[in-house]
Amino acid sequence: MTSTSAANAAADSIDAGDPPAPGDVPRPVLSLADSEQQFRRLFEAARDGILFVDRDSGAIVDANPYLLGLLGYSRAEVEGRHLWEIGLLGDEGASRAAFRELQALGYVRYDDLPLETRDGRRVEVEFVSNVYRTGDHLIIQCNIREITDRKRAEATNARLAAIVGSSDDAIIAKDLGGVVTSWNAAAARLFGYEEQEAVGESISRIIPADRLDEAAAILERLRGGHRVDHFETVRRRKDGVLVDVSLTISPIRDRAGRLIGASKIARDITDRKRAEAELVRAQDQAEVSGRAKDMFLSALSHELKTPLTPVLATVSRMESMADLADWLRADLATIRRNVELESRLIDDLLEVTRAGRGKPDLHFEVLDAHVVLRSAVELCHVEVDSKQLEVSQAMRAASHLVWGDSSRLQQVFWNLITNAAKFTPPGGIIRIRSMDAGSGRLAIEISDSGDGIDPEFLPRVFNAFEQGNPEASRRQGGLGLGLSIAKLLVDQHGGALTAASDGLGLGSTFRVELEQVAGVEVEQLACVESEYSACVQLETLAGAEASTPSPRSTSRPSELPLRLLLVDDNPDTLRAVGQLLRTMGFALRTASNVAEAMEALSLERFDLLISDIGLPDGSGLEIMHHSRDAFGLKGIAFSGYSSPQDVSDSLAAGFSHHLPKPSSLNQLVDLIRRTAA
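In this text, all values refer to a predicted model and were calculated from it rather than measured experimentally.

A. Layout of the side chain of Ser447. With respect to the secondary-structure elements, Ser447 resides in strand β15 (residues 441-448). In this structure the side chain of Ser447 is engaged in a polar contact, spanning 2.9 Å, whose partner is the side chain of Thr509. Sequence-distant contacts of Ser447, defined by excluding residues within four places in its chain, comprise Ile429, Ile430, Arg431, Ser508 and Thr509.

This is the structure we're talking about:
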């Protein structure tokens, strides 16, 4: 009231004509009508709700458009009604009580008053009231501001603050100058600085000196509108300890979209980095161990198979003699077959070890699966003929080209056919058929009328070293590796190998499925068939109990014999294989180590080198390098070292072929002729 009286006195002074005091600026005085008009414009345009209520009766005198819109009423609907009739202060009881408080106190403030609108919507408002007199009446002026959005934002901010405060990740905000503006509890735990120590200080205190340039690069990315995800780096704790962290950095922008800072989430990845380092060390150790194991397996193969080589060579040479008694030829054939079986068991044992570690080195090409299958059937003729088994073939697949490794697929089919022959009684039947399996796949089934498979064992039939029928397995022999190797090789071709049987004594069926290759004509693979036929012929001749040597084996290479250098540190192998080759008409010189081989090369000219790999004073690889570079000589590696890596090393050294020990006479002779041609 005091301020109102002073204003009236000043106005009276001006109206009376008194001169203004020096420096006073005359102020215009609005007429009552102008004042009321100005007030009305402000009242109507206000962005807060304004309500006038008669103090004595509680009747609503006036309400501005903003409040009417908020409540959902028209001015005509509220004028003359009481507060409790429009639910402004709650239900009728609460509204009457609130009005009595207004009457008594005049000034009342509610910071978060819930209000229900006409359409049932609930909003929150700030409510401030004052009482003033107009004429003979006391009027309560109520100012109402909706704060629903603000309260919702406050609640959201509170939740976010709780999340930030309870986060296990350090959450930090900084301005463009690198000054920290927020620092949560996790940041304090991670970096050692409390919030009051960090806020207002430069973020550079936790960045190692050699990584300060990261900040500029990150800021450049943020300016380009990009966030930085999972950036792994190192930061320094308060105690100086370096800690591995993963940073996710997002830009902070003002309402105008201007970049004003950055928000960082830092996660401690020390344990993960330590685990990764341990894993790398473990992998390195495993790799070293794997290489050592590969070397051991190669050495084991060499040591186990080298003694078999002179035996097989000697027996093969004796079998080729024309004047042997039938009983002696039969005994020699028995010796040869068992030596070959022993070699095959060693190969199986090493093969399953390598295959289980993903080691087989496959060489893929387009193949005619029918040709490979027929070759495998021919290779099994001894097992089949010895038990007088009937073998039927029904090759009905319209598309039988596949993408595969010829020798490995032949090994798969050979294993399946010999397995069928092993467990089928004399006079039994083996059925081989092919068919289109649909979805671009070729199916090959090998069925037998043999011992069958126990249903309980069927799920484990491809497990290494497991055999389903112990009695039959003891009777037939073997390590139980053939099916396991076949399964591994088919898997590595992207195919599937399955087994089925109706039970013991009811036979079994093994099914191989491979992806078919389209767009290649079978005629284009005619050379493949002839190559397999030659391979089959060699293997058949090596395994046959012929009374006379084959013409191919006894024919001399040429009128001028091929000059061969044979290098091997095993005296028995050197003598037996040397005699065999001389019998076949080759001119031969032998050496038992690298030094002797180098001396021979310096004194004589040779057409072909045949060398073992492991030698007492070095390696056959050295001899091949020298022979190729100095004389352009071709070579055959003839070694018990026969892992994929050994083969790869041999070819890289310049050998044309790698023939594993022990191999048949015909294989070696044929390879010599083909290589020297």
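B. View of helix α9 (residues 213-223). Turning to α9, its buried residues are Glu214, Ile218 and Leu222. For α9, the arc enclosing every buried residue in end-on projection is 75°, short of the 170-degree limit, so these residues lie on one face. Those residues of α9 that are exposed and aimed more than 90 degrees away from the buried face are Asp213, Ala216 and Glu220. As for α9, its buried residues are in contact with β8 (228-236), β9 (242-253) and β10 (259-268). Positioned one or two residues after α9, Gly225 has a phi angle of 90°, which is positive.

C. Local environment of the pairing of strand β14 (residues 429-438). Of the pairings in the sheet, the one linking strand β12 (residues 390-395) to β14 comprises 6 bridges and is parallel in character. Within β14, the position partnered with Met395 by the bridge is Ser434. Sheet topology places β14 next to β15; 8 bridges connect them, and they run antiparallel. Opposite Met435, over in β15, you have Ala443 as the bridge partner. Where β14 folds back onto β15 in an antiparallel hairpin, the turn is made up of 2 residues, including Ser439, whose phi is positive at roughly 55°.

D. Layout of the packing of aromatic side chains. A full pass over the atoms with the stated rule returns 6 aromatic pairs. Relative to Tyr132, the ring of Phe52 lies with its centre 6.2 Å away and its plane at 85°, an arrangement referred to as edge-to-face. Here the residue Phe52 occupies a position in strand β1 (residues 49-54), and Tyr132 occupies one in strand β4 (residues 122-134), the gap between them amounting to 80 residues. Take Phe52: its relative accessible area is 6%, and that puts it in the buried class. Residue classification places Tyr132 among the partly exposed residues on the basis of a relative accessible area of 33%. Centre to centre, the rings of Phe462 and Phe510 are 6.1 Å apart; their planes meet at 75°, and the pair counts as edge-to-face. Of this pair, Phe462 sits in the loop between β15 and α16 (470-476) while Phe510 sits in strand β17 (residues 508-515), and the two are 48 residues apart along the sequence. Here the two residues Phe462 and Phe510 agree in accessibility, since each one is buried. Of the aromatic side chains, those joined through ring pairs into one cluster are Phe43, Phe52 and Tyr132. Taking the ring centre of Phe638 as reference, the NZ or CZ of Lys661 above it sits at 5.7 Å.

Here is what the cut-offs are and how they apply
- Residues numbered from 1 in each chain as written.
- Predicted model: local features only at pLDDT ≥ 70, side-chain atom pairs only at ≥ 80, totals over all residues.
- Heavy atoms only, no water.
- Helix = DSSP H or I, 4+ residues; strand = E, 2+ residues; numbered from the N terminus.
- Polar contact = N/O pair within 3.5 Å; in protein donor to acceptor, adjacent residues only side chain to side chain.
- Contact = heavy atoms within 4.5 Å.
- Buried < 20%, exposed > 50% of the residue type's maximum accessible area, 1.4 Å probe, protein only.
- Arc of directions from axis to C-beta.
- Pairing = 2+ DSSP bridges.
- Phe/Tyr/Trp six-rings, centres within 6.5 Å; stacked < 30°, edge-to-face > 60°.
- Lys NZ or Arg CZ within 6 Å of the ring centre and 35° of its normal.

Take it as geometry only, folks, not as evidence of what the structure does.
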